[in-house]
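# Summary of structural features
As a plain string of letters, each chain reads:
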Amino acid sequence: MSSASRSSDLLGHFAHVDTLVEAITAAQANAYEVCDVYSPVPVEAAQALISPGRSPVRFVTFAGGLCGLVGGMGLAIITSLIWNLVVAGKPITAVVPFMVVGFEATILIGAISTLLGMLIFAQLPYRRFPTPAYRASFSRDRFGLWLRCAPEQVEAVQRLLEEAGAEKVEVLSIAQGGRS
Amino acid sequence: MKHAQLFADVLAMRDKVHSPRDKSVSLALGLCGAIGLLLAFAGGSPGAGWLALLVATTMTIGVAAVGVVFAAIFHITAARWGRPFQRFAEAGVALMPLGLICLLALVLGGHAWLPWLQVDHLTGGKHAWLVRGFWDVRVLLTLVCTYALSLTFVYYAWRRDFCLGEVRAAFTGRLGAWLGRGITDAEREMARCTRRLDVLAPAVIIVYALAFSFLAFDLIMALEPDWYSTLFGAWYFISHLFVGLAAIVLITTVLWRRLSLERFVSMPRQRDLATLLFAFCLVHMDFFWSQFLTIWYAHLPEFTFYLIDRTLDPALPYHHLTWPALAAFFFIPFGTLLFRRVKSSRLLLSAVAIIAISGVLLARFIEAAPALLTLDSPSVTGLFLPLAATALVALGVIGVAIPLYQRLLTSIPLMPLSDEVFLATQTHEEHP
């Protein structure tokens, strides 16, 4: 029997960011599993707590930008070599004007790569959304914290959420193996 | 009261602005400036004195103006992240008297350094524009009008704070008494100040761009009376915005520990400031490149000589400075600010800011020097004295600016306490 099949899930509803952050900190300090956090706005402090590592998207952005620079310069150089267009005695492959193409392609491909990297690493679009713990109010004016614990810890977790400032705590009945 | 602790913390900050070492640092820098002026005017390099004064003046008048421009930008965009930096930017107005004095010295000594006075035949209709008297009034009036508008903006921004009783009680000096005079209905007065700021903020930005474009044409571009570029003004005012932002980075770093700024500026906010510095580094280069590209493509002798003299000509020493200047104002800031570690470290960020400011200073030197200096040889050593004198005079200006700036900082609340946007950031702001 897996550990998930012997666990219980609780959902805390919060009205304020600081109480949410406090609850996440307390849950992590007590080694309860934080399954998910819901918020209508980006909360950097909560994000830093649930995924403290640095995002790998930046490598995708860098690679994309580099490809854009090489591609943009390459495109300008190769087309100029194929279709010689001599302007005012300037060299056929001139770095000065080609930098513009290279710069624009760096930005374009870098931005597209960032979007794709973000979608891939965030596993978006998430096909199983809404999750069992999602509530419509989490897209409006409330914050949600979904915790998983052993069945004998339910009361302790409930107390922890309430002490942190949860307005309401739900014990979820989720088919085991739900997203974590 | 809702924000009692916040108010108490902010009002207590003014006592920590000064440090015992400030006076000696200021004196040492001032001494550097005096030595620089002496070297420049009596060092035997003709034109070096006016060159050093011109470069220092352009930097000073720019830094004095751009702080208010940033405050206006923060106001228009309701930038939550920028609020803790707002007062440090606005206090740049403390340098305005110094900038005006330097400009006045340049105007009074114009007959000794303005190269177009020696030109018999000015081309392109410039004979009507570059006329002594008209030029004097124009540069002084442009700067005075810009400063007057900026001061009006900061007056309303600070007066709004002085509508709060706690602020009026804490700042009872002359400036405080003037800012807080005649306030009977505080809420109504605060609303009036906010309405005035709404109107003045866009005006400050537009007038700054126009005025500093004209100052660029008159103070720097006119040094080569046969050369012109319509983009030169934009390149000049953008470079001052870049320098101003780098100066804000430096100031907050110096004052960080003294004022316990971590209470107001979280790490994400510091990175926001660094990201904006990176953005201005790109915009600055963009304006440079746009100008360079069109001159390079057109390849017309009446335009290219300006660039050739400063970047290529082996008969002149200035090409030795071109790459160091480009590296300092673009390549180094661009390459380093890509990294999160640099943006997160105040020390590294300050080092980048110093390099960027030095790069713009060097660019200004390269722009002005060929028209003002008379050099005997193309050797780079001939440039040593004028360059060293310019750097020393710039340090001297910083030495004079420090006490002026600090004195102003002790006369106003260091955070915009009447600003709803700032108060909102302090209520629910993240402080990891």
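Quick notes on the rules
Residues numbered from 1 in each chain as written. Chains lettered and ligands numbered in written order. Predicted model: local features only at pLDDT ≥ 70, side-chain atom pairs only at ≥ 80, totals over all residues. Heavy atoms only, no water. Helix = DSSP H or I, 4+ residues; strand = E, 2+ residues; numbered from the N terminus. Rg over C-alpha atoms; globule rule 2.2 N^0.38 Å. Buried < 20%, exposed > 50% of the residue type's maximum accessible area, 1.4 Å probe, protein only. Areas by Shrake-Rupley, 256 points an atom, 1.4 Å probe, with all protein chains shown as cover. Lys, Arg positive; Asp, Glu negative; His and termini not counted. Charge placed at Lys NZ, Arg CZ, Asp CG, Glu CD. Domains from an automatic or database assignment. Disulfide = S-S within 2.5 Å. Polar contact = N/O pair within 3.5 Å; in protein donor to acceptor, adjacent residues only side chain to side chain. Contact = heavy atoms within 4.5 Å. Pairing = 2+ DSSP bridges. Axes fitted to C-alpha atoms, helices over the stretch in contact; angles between N-to-C directions. Parallel < 35°, antiparallel > 145°, perpendicular 65-115°, else oblique. Left-handed = near helix turned anticlockwise from the far one by under 90°. Nonpolar A, V, L, I, M, F, W, Y, C, P; charged D, E, K, R; others polar. Phe/Tyr/Trp six-rings, centres within 6.5 Å; stacked < 30°, edge-to-face > 60°. Lys NZ or Arg CZ within 6 Å of the ring centre and 35° of its normal.

### Quick notes on the overall build of chain A
- Assigned secondary structure in chain A consists of five helices and four strands.
- Each helix and strand of chain A, placed in order from N terminus to C terminus, yields the pattern β-α-β-α-α-α-β-α-β.
- Rg of the C-alpha trace for chain A: 25 Å, well past the compact-globule value of 16 Å for 180 residues, more than 25% over.
- With the C-alpha coordinates of chain A rotated into their principal frame, the extents come out at 80 × 35 × 30 Å.
- Every one of the 180 residues in chain A was classed for burial, and the buried ones make up 36%.
- Of the roughly 10700 Å² of accessible surface on chain A, a fraction of 64% belongs to carbon and sulfur atoms.
- Here chain A carries 13 positive and 14 negative side-chain charges, and the mean point of each set is 11 Å from the other.

### Side note on the domain arrangement of chain A
- Examined at the domain level, chain A breaks down into domain 1 (8-51 + 139-178) and domain 2 (57-121).
- Computed from C-alpha coordinates alone, the two centres of domain 1 of chain A and domain 2 of chain A are separated by 46 Å.

### Quick word on the state of the cysteines
- Under the defined criterion, the tally for this structure stands at zero disulfides over all chains.
- Note on Cys149(A): no disulfide assigned, nearest cysteine sulfur contributed by Cys35(A) at a separation of 9.4 Å.
- Counting only cysteine sulfurs, Cys102(B) is the nearest neighbor of Cys32(B), a cysteine outside any disulfide, at a range of 16 Å.
- We classify Cys32(B) as partly exposed; its relative accessible area is 23%.

### A word on the side chain of Thr390(B)
Residue and element names in this part refer to chain B.
- Within the secondary structure, Thr 390 sits in helix α18 (residues 384-409).
- Assessed through its relative accessible area of 2%, Thr 390 is described here as buried.
- Among the polar contacts listed, one links the side chain of Thr 390 to the backbone oxygen of Pro 386, at a separation of 2.7 Å.
- Setting aside chain neighbours within four positions, we find Thr 390 in contact with Leu 51, Ala 52, Val 55 and Phe 365.

### Observations regarding the side chain of Arg364(B)
Residue and element names in this part refer to chain B.
- With respect to the helices and strands, Arg 364 occurs in helix α17 (residues 346-372).
- Overall, Arg 364 belongs to the buried group, its relative accessible area being 0%.
- Beyond its immediate chain neighbours, meaning those up to four positions away, Arg 364 contacts Val 55, Thr 58, Trp 235, Tyr 236, Ser 239 and His 240.

### Regarding the sheet that holds strand β3 (residues 143-149) of chain A
All names here are of chain A.
- Spatial strand order, β2-β3-β1-β4: four strands in an open sheet with antiparallel pairing. Lying at the two open borders of the sheet, with one neighbouring strand each, are β2 (33-38) and β4 (168-172). Across the sheet, the axes of successive neighbouring strands diverge by a mean angle of 20°, strand direction being ignored.
- One ladder, built from five bridges, connects β2 with β3; its direction is antiparallel. When the bridges of β3 are listed, Asp 36 appears paired with Trp 146.
- Seen against the sheet, helix α1 (residues 17-29) touches β1 (8-14), β2 and β3 and runs at an angle of roughly 10° to β3.
- Relative to β1, helix α5 (residues 154-164) is tilted by about 10°, and along the sheet it contacts β1, β3 and β4.

### Some words on the environment of Pro40(A)
Residue and element names in this part refer to chain A.
- For Pro 40, the position within the fold is in the loop between β2 and α2 (44-50).
- Placed 63 residues apart in sequence, Pro 40 and Phe 103 show a C-alpha to C-alpha distance of 36 Å.
- With near-sequence residues (within four places) excluded, Pro 40 lies in contact with Phe 138, Ser 139, Arg 140, Asp 141, Arg 142 and Phe 143.

### Regarding the packing of helix α15 (residues 319-337) of chain B against α17(B)
All names here are of chain B.
- Remark: α15 packs on α17, axes separated minimally by 8 Å, with the N-to-C direction vectors making an angle of 150°. The angle between α15 and α17 falls in the class roughly antiparallel. Handedness of the α15/α17 crossing: left-handed. Contact residues: Leu 321, Thr 322, Pro 324, Ala 325, Ala 328, Phe 329, Ile 332, Pro 333, Thr 336 and Leu 337 in α15; Leu 349, Val 352, Ile 355, Ala 356, Gly 359, Val 360, Leu 362, Ala 363, Phe 365 and Ile 366 in α17.
- Residues of the contact of α15 with α17, tallied by class, amount to 17 nonpolar, three polar and no charged.

### Things to note about the packing of aromatic side chains
- Enumeration over the complete set of coordinates arrives at 33 aromatic pairs over all chains.
- Both rings, one in Tyr38(A) and one in Phe138(A), keep their centres 5.4 Å apart while their planes meet at 10°; by these two values the pair is stacked. Of this pair, Tyr38(A) sits in strand β2 while Phe138(A) sits in the loop between α4 (95-121) and β3, and the two are 100 residues apart along the sequence. Like Phe138(A), Tyr38(A) is buried.
- Here the aromatic rings of Trp129(B) and Phe214(B) are separated by 6.1 Å at their centres, their planes lie at 35°, and the arrangement is tilted. Remark: Phe214(B) occurs in helix α11 (residues 186-220) and Trp129(B) occurs in helix α7 (residues 126-129); sequence separation between them is 85 residues.
- The class for Trp129(B) is partly exposed, based on a relative accessible area of 31%.
- Three or more aromatic residues joined by ring pairs form one cluster here, namely Phe70(B), Phe74(B), Trp81(B), Phe85(B) and Phe280(B).
- The ring of Phe134(B) carries Arg138(B) above its face, with NZ or CZ at 4.4 Å from the centroid.

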